[in-house]
Amino acid sequence: DAKTTQPPSMDCAEGRAANLPCNHSTISGNEYVYWYRQIHSQGPQYIIHGLKNNETNEMASLIITEDRKSSTLILPHATLRDTAVYYCIVRVAVGNEKLTFGTGTRLTIIP
Amino acid sequence: GAVVSQHPSRVICKSGTSVKIECRSLDFQATTMFWYRQFPKKSLMLMATSNEGSKATYEQGVEKDKFLINHASLTLSTLTVTSAHPEDSSFYICSARLTSGSREQFFGPGTRLTVL
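Reference entry: report on the structure contained in this document. (Residues numbered from 1 in each chain as written. Chains lettered and ligands numbered in written order. Predicted model: local features only at pLDDT ≥ 70, side-chain atom pairs only at ≥ 80, totals over all residues. Heavy atoms only, no water.)

## A short note on the overall build of chain A
- Along its length, chain A carries zero helices and nine strands.
- Its helices and strands in sequence order give chain A the pattern β-β-β-β-β-β-β-β-β, from N to C terminus.
- A globule of 111 residues ought to have a C-alpha radius of gyration of about 13 Å, and chain A, at 13 Å, matches this closely.
- When the 111 residues of chain A are sorted by exposure, 43% land in the buried category.
- Intrachain contacts of chain A at a sequence separation of at least 6 include 57% that bridge at least 24 residues.
- On chain A, roughly 5,700 Å² of surface is accessible, and the fraction owed to carbon and sulfur atoms is 51%. (Helix = DSSP H or I, 4+ residues; strand = E, 2+ residues; numbered from the N terminus. Rg over C-alpha atoms; globule rule 2.2 N^0.38 Å. Buried < 20%, exposed > 50% of the residue type's maximum accessible area, 1.4 Å probe, protein only. Contact = heavy atoms within 4.5 Å. Areas by Shrake-Rupley, 256 points an atom, 1.4 Å probe, with all protein chains shown as cover.)

## Some words on the pairing of strand S9 (residues 90-97) of chain B
Residue and element names in this part refer to chain B.
- The buried count for S9 comes to eight of eight residues, which makes it a mostly enclosed element.
- Side chains of S9 alternate between two faces, with Ser-90, Tyr-92, Cys-94 and Ala-96 and Phe-91, Ile-93, Ser-95 and Arg-97 buried alike.
- Where strand S4 (residues 32-38) meets S9, seven bridges bridge the pair, whose relative direction is antiparallel. Note on S9: the bridge partner recorded for Met-33 is Ala-96.
- Inspection of the sheet shows S9 paired to strand S11 (residues 111-115) by three bridges, in the antiparallel sense. Pairing of Ser-90 across the sheet is with Leu-113, part of S11.
- Note: S9 against strand S10 (residues 105-107), three bridges, orientation antiparallel. (Pairing = 2+ DSSP bridges.)

## Here we look at the nonpolar core
Residue and element names in this part refer to chain B.
- In this structure, Trp-35, Phe-67, Leu-79, Tyr-92 and Leu-113 are the most contacted members of the largest nonpolar core, which totals 25 residues.
- Breaking this core down by element, the ones donating at least two residues are strand S2 (10-13), strand S3 (19-25), S4, strand S5 (45-51), strand S7 (67-73), strand S8 (76-81), S9 and S11.
- With sequence-adjacent residues up to four places away left out, Leu-113 is seen in contact with Val-11, Cys-13, Val-19, Val-81, Asp-88, Ser-89, Ser-90 and Tyr-92. (Core = buried A, V, L, I, M, F, W, Y, C linked by side-chain atoms within 4.5 Å.)

## Describing the interface of chain B and chain A
- In this complex, chain B contributes 18 residues to the contact, which on the side of chain A involves 18 residues.
- Counting the surface lost from both chain B and chain A, the interface buries some 1,400 Å², and carbon and sulfur atoms represent 50% of this.
- Run the count over chain B and chain A and you get zero salt bridges.
- Linking chain B to chain A there are three residue pairs in polar contact (both at pLDDT 80 or more).
- When contributions to the side of chain B that touches chain A are tallied by element, the ones reaching two or more residues are S4, S9 and S10 of chain B.
- Looking at the side of chain B that touches chain A residue by residue, the class counts come to eight nonpolar, four polar and six charged. (Buried area = accessible area lost by both parts, 1.4 Å probe. Salt bridge = Lys/Arg side-chain N within 4 Å of Asp/Glu carboxyl O. Polar contact = N/O pair within 3.5 Å; in protein donor to acceptor, adjacent residues only side chain to side chain. Nonpolar A, V, L, I, M, F, W, Y, C, P; charged D, E, K, R; others polar.)

## Some points on the packing of aromatic side chains
- The tally for this structure, following the rule as stated, stands at ten aromatic pairs over all chains.
- Aromatic side chains Tyr-32 of chain A and Tyr-34 of chain A sit 6.5 Å apart centroid to centroid with 50° between the ring planes, which places their arrangement in the tilted category.
- Its relative accessible area of 24% is what places Tyr-32 of chain A among the partly exposed residues.
- Judged by its relative accessible area of 1%, Tyr-34 of chain A is buried.
- Ring plane angle 80° and centroid distance 5.6 Å describe the contact between Tyr-36 of chain A and Phe-107 of chain B, whose orientation is recorded as edge-to-face. Within this pair, whereas Tyr-36 of chain A is found in strand S3 (residues 31-38), its partner Phe-107 of chain B is found in strand S10, the two belonging to separate chains.
- One aromatic cluster is present, formed by Tyr-36, Tyr-46, Tyr-87 and Phe-101 of chain A together with Tyr-36 and Phe-107 of chain B through successive ring pairs. (Phe/Tyr/Trp six-rings, centres within 6.5 Å; stacked < 30°, edge-to-face > 60°.)

In structure tokens, the structure reads:
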């Protein structure tokens, strides 16, 4: 699986949009971008995933650049409950079932 | 839907004892489950892949005789930490993969093991 690079930490004001970047310059054509988050002392929670088109669900939006070498996870209206470590993972959707977690971005929502 | 539970959520044991952690998929069947370990302020590290009805596949450096995995049904996998020592103290997390459809992994809430 391709390696990802994320900033170690970010702050965001409550109510504002939180934009979390991820670089994955060695991504292959059949690899998807997945985002998970982990709130303190809990198991990871799936957020969203995409291949090349932008995706949106009830939790977040995923913007993938045209060359697919980077992406941004957007939490449109951050709340205190969004404080967590966010992991960007690149992997093939089927076949390779493993999820390789990097160090992620620790997002702190500030009141 | 797609809820995964773990039991116990927290366990404290004496050094040398064995501890069993259960991982259950509550509303779906999971042919494959995964076990992770997470040390404080560190990321999750995959320990093993558990397949129903067959032997688990362990990651490099993980002792299969120390971390016994049993996946006896499509909704239950167990991890037994045998002869636990203080260095085994960690946060153990399981995940279960949907058998069909998106094949996404859903994670349990984790089990915090403290070995005295």
